[in-house]
Amino acid sequence: MAISVFDLFTIGIGPSSSHSIGPMRAARQFVERLRAQGLLERCASVEVRLYGSLALTGKGHGTDKAILLGLEGAAPEGIDPDDVEPRVAAIRKSGRLTLAGGPTIRWNEEKQLLFLRKESLPQHPNGMRFTARDADGRELLEYTCFSIGGGFVVDESAASKDQITLDH
């Protein structure tokens, strides 16, 4: 994969690209995977678990906001920084989140965005696990990935095989 200067210098919503740009891209990729597999319209709930460094410093670095915006389909290179706070506030106030042009789901941040401060995944300290469920609570899709720096994200299979490819 070729990397351009625009890949290296994306403006993020927080002070750390690993904690904001990467998680936003990962959340968006998760929703795109749901769409690609024909599961998006069946999705009734999403749970996001953050591990290691993301769990320890994520709120201070904007990881929570990045995840919410990414689930709604925002990309770091396309979001207006002035829209971040109002969009996040609207999600939190309404308790609803619209998945990237898909269904609007209930959102309880305390129960659905988990900062697992005492847990880490073995492949990398910036681990994330996204789980989608249908209305009956059945798992539709689970996606584990890692924010490896510079806003780049690798999924679990690549990280496990030391075959890191850069997903944008």
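## A look at the nonpolar core
Counting 39 residues, the largest nonpolar core has Phe30, Leu50, Ile67, Leu71, Leu99 and Phe130 as its most contacted members. For this core, the element with the highest residue contribution is helix H2 (residues 21–36), accounting for six residues. Here Leu50 is in contact with Ala55, Thr63, Ile67, Leu113, Leu114, Phe115, Leu116, Gly127 and Met128, once residues within four sequence places are set aside.

## What to know about the environment of Tyr51
Within the secondary structure layout, Tyr51 lies in strand E1 (residues 45–51). Among the residues examined, Tyr51 registers a relative accessible area of 4% and is labelled buried. For the pair Tyr51 and Pro125, spaced 74 residues apart in sequence, the C-alpha separation works out to 7.0 Å. Setting aside chain neighbours within four positions, we find Tyr51 in contact with Leu116, Glu119, Ser120, Leu121, Pro125, Asn126, Gly127, Met128 and Arg129. At a separation of 3.3 Å, a polar atom in the side chain of Tyr51 contacts the side chain of Arg129.

Calculation notes
- Residues numbered from 1 in each chain as written.
- Predicted model: local features only at pLDDT ≥ 70, side-chain atom pairs only at ≥ 80, totals over all residues.
- Heavy atoms only, no water.
- Core = buried A, V, L, I, M, F, W, Y, C linked by side-chain atoms within 4.5 Å.
- Buried < 20%, exposed > 50% of the residue type's maximum accessible area, 1.4 Å probe, protein only.
- Helix = DSSP H or I, 4+ residues; strand = E, 2+ residues; numbered from the N terminus.
- Contact = heavy atoms within 4.5 Å.
- Polar contact = N/O pair within 3.5 Å; in protein donor to acceptor, adjacent residues only side chain to side chain.

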